Amino acid sequence: MPQVQRSPQVHDVVIIGSGAGGGTAVKVLTDQGINVTLLEAGPMLNPQKDFKEHVWPYEVDNRGAGAAAELYFGRQQWNYFAAPNGYWQVPGEPYTVASGSQWQWFRSRILGGRTNHYGRISLRFSDYDFKAYSFDGLGRDWPVTYDEMSPWYDKAEEFIGVTGTREGLRTAPDGKFLPPIPPRVHETLVQKSCAKLGIPCIPSRMAMLTKSVHGRAACHYCGQCGRGCRTASAFTSSQAMIFPAMKTGKVNIISGAMARELITDGSGKVTAVSYVDKATRTEKQIRCRAVVVAASACESARLLLNSKSPQFPNGLANSSGQVGRNLTDTVGFALSGHIPALEGLPRHNCDGIGGMHVYVPWWELDKKNKEFPRGYHIEIGGGFNMPELGNFHGVAQTQEGYGTPLKDEIRRQYGAHIGLSGRGDMIPNEKTWCEIDPNKVDEYGIPVLRFHFGWTEHEIKQAQHMHQTFTSIIETMGGTVLGPRNPARDGQGISIGGSIIHEAGAVVMGDDPKTSVLNRYCQAHEVKNLFVADAAPFCGNPDKNVTLTIVAMSWRTSEYLAEEMRKGNV
Ligand SMILES: Cc1cc2nc3c(=O)[nH]c(=O)nc-3n(C[C@H](O)[C@H](O)[C@H](O)COP(=O)(O)OP(=O)(O)OC[C@H]3O[C@@H](n4cnc5c(N)ncnc54)[C@H](O)[C@@H]3O)c2cc1C
Ligand code: SF4
């Protein structure tokens, strides 16, 4: 067996992963004067080269369809025009799904992780989300309250920049907002329809800058955020947090470094991180005073489960057996509609930010005798987008014919479709968890995860409610429902687990070490210099997208770690 290369230097803090959680830890710890070493499995990011903002199909080989036109046949891993390195399947890094389960896992391997191309919808969790069990007797309570988290949301929003308006809704707590973006034509029609149905439809809360913040330029409304934003007007942890931290000289980045195991000493503290240097395929170890694991919820669980020792035979910090448990994703259901009032509109620029300008927060919290607990919000799509392959909102595929009449009909129909996507609360359940597959390793020899997943009646009924609501909104607009838009579980319409890319839980926080892995500061109950700073500590998965809470929670965890280091407790 090749020798492991061990560094003699003891690093102050090693952070594993550079996405929303890891990027925040890098920023906050270096701001506090602490030297950090960042291990990132992917390569460095060069936005000028890697981001495809403003690139037209005709400017690239095969119009971006791939060498063998793969994109036309749906075989390309990820849209050519999306910001880099996000995949449903990562070559050489498989995972497995237990028989009877369905699960999809979208991973990213590059500095900044999935923040380079995420949708930037940035919603605070509500007071009842943090106290879910006390609210309705289901799921778990978090060990923190909304009031405790609110100042950290303030810091996160003020730093990353989030648009919005103060609405005073319990289901959509107000924050420190940048000016909102005005609705476009299709969004105005959705708002009118919602008003008739008594459903709120308010300005969206997006991490895109409607004015310059912390040296990042204001958005120029090209609508291309999914391709990456070269002016950093859309939040990424790479551009907004890690690049500025690099200028302080306090961050040492080791890219192409796949963390394999956390090494502990007899006292149960982490003393080193073992990683595979992908370039040389050698194993290296760096020693550290403390470690922040932020490799994304499931990767963090995998790392702990793979870190076995005589003291921790079930995986590091896992005497409770809870590592891998409490896994959740968001409930998803999406419907599209054809709206005759939007047909044949004069061409106009409706770019705006690269996402929705309005959204629907949950509106039936206080309704009695609902068929399902909790609720969902609605994301709205439509309008004219910058063309890319297979675009025109699928209109080209629905029309038949040749020449000018075909083109005229496509032009008439383009922009006449809207999409409504529900994003709902999932309550942790016994059917949903991940573990190490005893029979499979990745190309670096690291054992991989096996997923188990099951929705319960709560979520399935919620998706049925989404179906009814979306149908009402589309029909009240005078439109016709076209059908579900997302890959869905057979016959049920509800999304496949993991496919909404909001996986959370798996290293859960709580006050009781018997039933949780981490304490209220995301510090392992059993290993005082081990912290987790992504969505793994989450005790549930409210209807609000997870990333703003990852940033807020990581900020809080990182300031706590800095203070504990100053006091000599870590
Ligand atoms: C298309 C898309 C749209 C989305 N839209 C939204 C949205 O609108 N709103 C929202 O809130 N969320 C959205 N999300 C989800 C959001 O991207 C994630 O919640 C967020 O990026 C998670 O941050 P993270 O730090 O946990 O992990 P990631 O961003 O996934 O980063 C993890 C990093 O860790 C690295 N890593 C993994 N394992 C190891 C290892 N063993 N050693 C070293 N490094 C490792 C990875 O390479 C990666 O860079 C979306 C995601 C996608 C893909
Ligand atoms: S719409 Fe704004 S934030 Fe998005 S890519 Fe263009 S400039 Fe950047």
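Rules and cut-offs
Residues take numbers from 1 onward in each chain, read along the sequence in its written order. Chain labels run from A onward and ligand labels from 1 onward, assigned in the order the entries are written. For a predicted model such as this one, the threshold for reporting local features is a pLDDT of at least 70, and the threshold for listing and counting side-chain atom pairs is 80 or more; totals across whole chains, interfaces and linings nevertheless cover every residue. Based on all heavy atoms of the structure, the side-chain values leave hydrogens and waters out of the count. The cutoff for a nearby residue is simple: one of its non-hydrogen atoms must lie within 4 Å of the molecule or strand. Two N or O atoms count as a polar contact when they lie within 3.5 Å, although within protein this holds only if one can serve as hydrogen donor and the other as acceptor, and sequence-adjacent residues are included solely when both atoms are side-chain atoms. The protein chains shown are the only cover counted for residues, whose accessible areas, like all others here, come from Shrake-Rupley with a 1.4 Å probe. Counting from the N terminus, the helices are the DSSP runs of H or I reaching at least four residues and the strands are the DSSP runs of E reaching at least two. Only Asp, Glu, Lys and Arg are considered charged in this grouping, and only Ala, Val, Leu, Ile, Met, Phe, Trp, Tyr, Cys and Pro are considered nonpolar; every other residue, Gly among them, is considered polar. Any two strands are treated as partners once DSSP identifies two or more bridges connecting them. Between two residues, a contact is recorded if the distance between any of their heavy atoms is within 4.5 Å. Interaxial angles span 0 to 180 degrees and are taken between N-to-C directions of axes, which are lines fitted to C-alpha atoms, for helices over the stretch in contact. Take the buried residues of types Ala, Val, Leu, Ile, Met, Phe, Trp, Tyr and Cys, join any two whose side-chain atoms come within 4.5 Å, and each joined set is a nonpolar core. Type-normalised accessible area, obtained with a 1.4 Å probe on protein chains alone, sets the label of each residue: buried when under 20%, exposed when over 50%, and partly exposed for intermediate values.

A. Region of interest: the site of ligand 1. Taken together, 35 residues sit near ligand 1, with Glu 40, Arg 114, Gly 119, Ala 259 and Thr 547 positioned nearest. The contact in question runs from an oxygen atom of ligand 1 to an N or O atom on the side chain of Glu 40, over 2.6 Å. Contact distances for ligand 1 include 3.2 Å between an oxygen atom and a backbone N or O atom of Arg 120. Considered on its own, ligand 1 offers 990 Å² of accessible surface; in the complex 94% of this is hidden by protein. Looking at the shell around ligand 1, the elements with two or more residues in it are α1 (20–31), β2 (36–40), β8 (257–264) and α12 (547–567). The element best represented in the shell around ligand 1 is β8, accounting for three residues. Split into classes, the residues belonging to the shell around ligand 1 amount to 16 nonpolar, 13 polar and six charged.

B. Looking closely at the sheet that holds strand β4 (residues 96–97). Here three strands make up an open sheet; going across it, the order is β4-β16-β15 and the pairing mixed. Of all the strands in the sheet, the pair left with one neighbour each is β4 and β15 (433–441). As paired elements, β15 and strand β16 (residues 447–452) share five bridges and run antiparallel to each other. In the sheet register, Val 441 faces β16, and the bridge partner there is Pro 447. Lying on the sheet, helix α8 (residues 297–305) is in contact with β15 and β16; it crosses β16 at an angle near 125°.

C. Just the site of ligand 2, in detail. As a matter of local geometry, ligand 2 sits amid 14 residues, with Cys 219, Cys 222, Gly 223, Cys 225 and Cys 229 nearest to it. Its residues placed into classes, the shell around ligand 2 shows seven nonpolar, six polar and one charged.

D. View of the nonpolar core. Within the largest apolar cluster, 106 residues are counted, with the highest numbers of intra-cluster contacts made by Ile 16, Leu 262, Val 273, Val 291 and Leu 530. No other element matches the seven residues that helix α5 (residues 146–160) contributes to this core. When near neighbours in sequence (up to four residues on either side) are disregarded, Leu 530 contacts Leu 262, Val 270, Val 291, Val 293, Leu 304, Leu 316, Ala 317, Cys 522, Gln 523 and Ala 524. Counting residues in hydrophobic clusters, the runner-up holds 26 residues, among them Leu 38, Ile 110, Val 251 and Ala 290.

E. Quick look at the side chain of Gln 239. Within the fold, Gln 239 resides in helix α7 (residues 237–247). A polar atom in the side chain of Gln 239 sits 2.7 Å from the backbone oxygen of Cys 229. Among the polar contacts made by the side chain of Gln 239, one reaches the side chain of Thr 236 at a distance of 2.7 Å. If we skip the residues at most four places from it in the chain, Gln 239 touches Pro 47, Phe 51, Cys 229, Arg 230, Ala 232, Ala 234 and Pro 244.

F. Local environment of the environment of Val 251. You can see Val 251 is positioned in strand β7 (residues 251–255). A residue is classified by how much of its surface remains accessible, and Val 251, at 13% relative accessible area, is buried. Put simply, Val 251 and Val 323 are 72 residues apart on the chain and 29 Å apart in space, counted from C-alpha to C-alpha. When neighbours within four sequence positions are excluded, Val 251 is seen to be in contact with Val 26, Thr 30, Val 36, Leu 38, Ala 245 and Met 246.

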